[in-house]
Amino acid sequence: MTGSPVSYAARLTVDYPEELSRLTTFFRLVTIIPIAIVLGLVSSGLAGATGLMIVFRRRYPRWWFDFARELTRFSMRVGAYAVLLTDRYPSTVDEQSVHVELDYPDPERDLNRWLPLVKWFLAIPHYIVLFVLGIVAFFALIVAWFAILFTGRYPRPIFDYVVGLMRWGLRVNAYVALLVT
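Model, not experiment: these values are computed from the prediction. (Residues numbered from 1 in each chain as written. Predicted model: local features only at pLDDT ≥ 70, side-chain atom pairs only at ≥ 80, totals over all residues. Heavy atoms only, no water.)

A. Structural view of the pairing of strand E2 (residues 98-102). Only one face of E2 is covered, namely the face carrying Val-98, Val-100 and Leu-102; the face carrying His-99 and Glu-101 is uncovered. Note: strand E1 (residues 10-14) against E2, 5 bridges, orientation antiparallel. The residue of E2 that forms the bridge with Leu-12 is Val-100. (Buried < 20%, exposed > 50% of the residue type's maximum accessible area, 1.4 Å probe, protein only. Helix = DSSP H or I, 4+ residues; strand = E, 2+ residues; numbered from the N terminus. Pairing = 2+ DSSP bridges.)

Next up, the structure:
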């Protein structure tokens, strides 16, 4: 039985690195601090404002969506850097090796006006599973960290697992916070 692949409103791909720097991998927890602070300062409050616009005005301005999309792309680059998927320090502008695509919704046709009030509740099962899989990913990342330090390469199965987990998290975020579906 063959069927067409499912097209999600949020898509993530990460280029597999052929070789990673052992030095930047070793000091990753230190080098990520400045960019993580920038991300935290910029991203606070975005989801709530988007939800309020849809509930009260039934609008999702294109410029607001573009800002949310670019902020999501930036956060995915920071996340990929944090979990050792890339050595390139996260750019605030360039796409680098992390590719995020988000479809712009038509608020009147694609989005329910009152659903932003309960989407967080509907996503609780996803958050529980993502939390459990995140614990597994934490231990997998420890293995990957040592593998990179000794071989300079990210083990492909762990890479695929971590990218898959990030992809799922992005899709849940697209549903709950970005409100693209």
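From this point, things continue past the structure.
B. Broad picture of the packing of aromatic side chains. In the structure shown here, the tally under the stated rule is 14 aromatic pairs. Consider the rings of Trp-63 and Trp-64, whose centres lie 5.4 Å apart with planes at 85°: the pair is edge-to-face. Its relative accessible area of 17% is what places Trp-64 among the buried residues. When the ring of Trp-64 is compared with that of Phe-67, the centres are 6.3 Å apart and the planes differ by 50°; the resulting orientation is tilted. Taken as a pair, Trp-64 and Phe-67 lie in helix H5 (residues 62-82) at a separation of 3 residues, close to a single helical turn. (Phe/Tyr/Trp six-rings, centres within 6.5 Å; stacked < 30°, edge-to-face > 60°.)

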